[in-house]
Amino acid sequence: LATSTTGSFTDVQPAPGTVYRVVEFIPSTARIWNEQLLNAIRIDTPHPPKHARNLFHLATVMYNAWAAYDSAAIGYLHHERISPLPGDVAAARSEAISYAAYRLLKERFVSGPSTTAINNALDAEMASLGYDTNVTTTAGSTPAALGNRIAATVISWGLNDGSNEPGGYTDP
């Protein structure tokens, strides 16, 4: 297969025989869950401080899940290191990140005008990744249990971070 450097994707009429090389893009697990949160924000009631906090907490759970499989990284709120490392660290990280992100987002979108649509999208994402949403255990060494523990840590921490989440984020 020959490629041409003379063509452009913006050419209205590319030269006959021009071949374009298509590079497949597979988003990272973190990107997938960031997109889920951004989509939820788009259809939820506008509340910039709440959504900024959700973005921060999502990044926090994902980093903590990533860090658990690294020998030098230190988690931000959850300080757990998996040892020995599994045979497929990338797959374990992806699973732990997914469970942590899923549990956090399910907790944060329990009410609102688009709760059903948001939660259906979160469930569908987990299914598309091949993960069982019924796995809720925090006990054990599986990536799912780790992700659930991390989410529980961040959710608990968030209840005492001064945001007044239980009171609907109203001023004290």
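Residues numbered from 1 in each chain as written. Predicted model: local features only at pLDDT ≥ 70, side-chain atom pairs only at ≥ 80, totals over all residues. Heavy atoms only, no water.

Asks: Sorry, what's going on with the layout of surface pockets here?
Replies: One way to see where empty space is left: roll a probe the size of a water molecule over the atoms. Empty space within the largest pocket amounts to approximately 200 Å³. For the lining of the largest pocket, the per-class residue count stands at three nonpolar, four polar and five charged. (1 Å grid on protein atoms, 1.4 Å probe; cavity = no way out; pocket = protein on both sides within 12 Å on 5 of 7 lines; lining within 4 Å. Points joined across faces, edges and corners; volume = space filled by probe spheres on them. Nonpolar A, V, L, I, M, F, W, Y, C, P; charged D, E, K, R; others polar.)

Asks: Looking at this structure, how should I read the packing of helix H1 (residues 29-43) against helix H4 (residues 115-129)?
Replies: A packed helix pair is summarised by two numbers, namely the angle formed by the two axes and the spacing between the axes. At a minimum axis separation of 10 Å, H1 and H4 run at an interaxial angle of 165 degrees. Taken together, H1 and H4 sit at an angle that is classed as roughly antiparallel. Taken as a pair, H1 and H4 cross one another with a handedness that is right-handed. Of H4, the residues touching H1 (which contributes Ile-32, Trp-33, Gln-36, Ala-40 and Ile-43) are Ala-117, Ile-118, Ala-121, Leu-122, Glu-125, Met-126 and Leu-129. In terms of residue class, the contact of H1 with H4 is made up of ten nonpolar, one polar and one charged. (Axes fitted to C-alpha atoms, helices over the stretch in contact; angles between N-to-C directions. Helix = DSSP H or I, 4+ residues; strand = E, 2+ residues; numbered from the N terminus. Parallel < 35°, antiparallel > 145°, perpendicular 65-115°, else oblique. Left-handed = near helix turned anticlockwise from the far one by under 90°. Contact = heavy atoms within 4.5 Å.)

Asks: It is not clear to me how a nonpolar patch on the surface should be interpreted in this structure. Could you clarify?
Replies: Together, Phe-56, Tyr-63, Trp-66, Tyr-76 and Trp-157 make up an exposed nonpolar region whose accessible area comes to about 500 Å². The topology assignment puts Tyr-63 in helix H2 (residues 48-67). (Patch = residues over 30% accessible without salt bridge, like charges linked within 9 Å, V, L, I, M, F, W, Y side chains within 5 Å. Areas by Shrake-Rupley, 256 points an atom, 1.4 Å probe, with all protein chains shown as cover. Salt bridge = Lys/Arg side-chain N within 4 Å of Asp/Glu carboxyl O.)

Asks: Before we go on, may I ask you to explain the environment of Leu-104 in this structure?
Replies: Among the structural elements, Leu-104 can be located in helix H3 (residues 89-108). Assessed through its relative accessible area of 0%, Leu-104 is described here as buried. Once you skip the residues sitting within four places of it in the chain, Leu-104 turns out to touch Asn-54, His-57, Leu-58, Val-61, Ala-151, Val-154 and Ile-155. (Buried < 20%, exposed > 50% of the residue type's maximum accessible area, 1.4 Å probe, protein only.)

Asks: When you look at the packing of aromatic side chains in this model, what are you seeing that I'm missing?
Replies: The geometry of an aromatic ring pair comes down to the distance between the two centres and the angle between the two planes. In total, this model carries four aromatic pairs according to the counting rule given. Chaining the aromatic ring pairs together yields one cluster made of Phe-56, Tyr-76 and Trp-157. (Phe/Tyr/Trp six-rings, centres within 6.5 Å; stacked < 30°, edge-to-face > 60°.)

Asks: Sorry if this is basic, but what is going on with the side chain of Thr-29 here?
Replies: Note that Thr-29 resides in helix H1. Ignoring anything within four residues of it in the chain, the contact list for Thr-29 reads Ser-94, Ile-97 and Ser-98.

Asks: Just to check I follow, could you spell out the side chain of His-51 for this structure?
Replies: In this fold, His-51 is placed in helix H2. You can call His-51 buried: its relative accessible area is 6%.

Asks: Explain the pattern of salt bridges to me, please; I cannot follow it from the model alone.
Replies: A side chain with one charge can pair with a side chain of the opposite charge if their charged atoms come near. Going through the model one piece at a time under the given rule, you end up with eight salt bridges. Its salt-bridge partner being Arg-93, residue Asp-70 comes within 3.9 Å of it at the nearest N-O pair. Taken as a pair, Asp-70 in the loop between H2 and H3 and Arg-93 in helix H3 lie far apart in primary sequence, 23 residues in all. With its nearest N and O atoms 3.4 Å apart, the salt bridge here joins Glu-165 to Arg-108. One end of the pair, Glu-165, is in the segment after helix H5 (143-158); the other, Arg-108, is in helix H3, and 57 residues separate them in sequence. By relative accessible area, Glu-165 is classed as buried at 15%.

Asks: For this particular structure, what's the right way to read H4?
Replies: Spacing of three or four residues puts side chains on the same side of an α-helix, whose turn is 3.6 residues. Its 15 residues place the ends of H4 21 Å apart at the C-alpha level, agreeing with the 21 Å of an ideal helix rising 1.5 Å per residue. Among all positions of H4, only Thr-115, Ile-118, Asn-119, Leu-122, Glu-125 and Met-126 are buried. Seen end-on, H4 carries its buried residues on one side only, within an arc spanning 120 degrees. Opposite the packed face of H4, turned more than 90 degrees from it, sit the exposed residues Thr-116, Ala-127 and Ser-128. One or two steps after H4, the chain reaches Gly-130, where phi turns positive at roughly 85 degrees. (Expected span 1.5 Å × (residues − 1). Arc of directions from axis to C-beta.)

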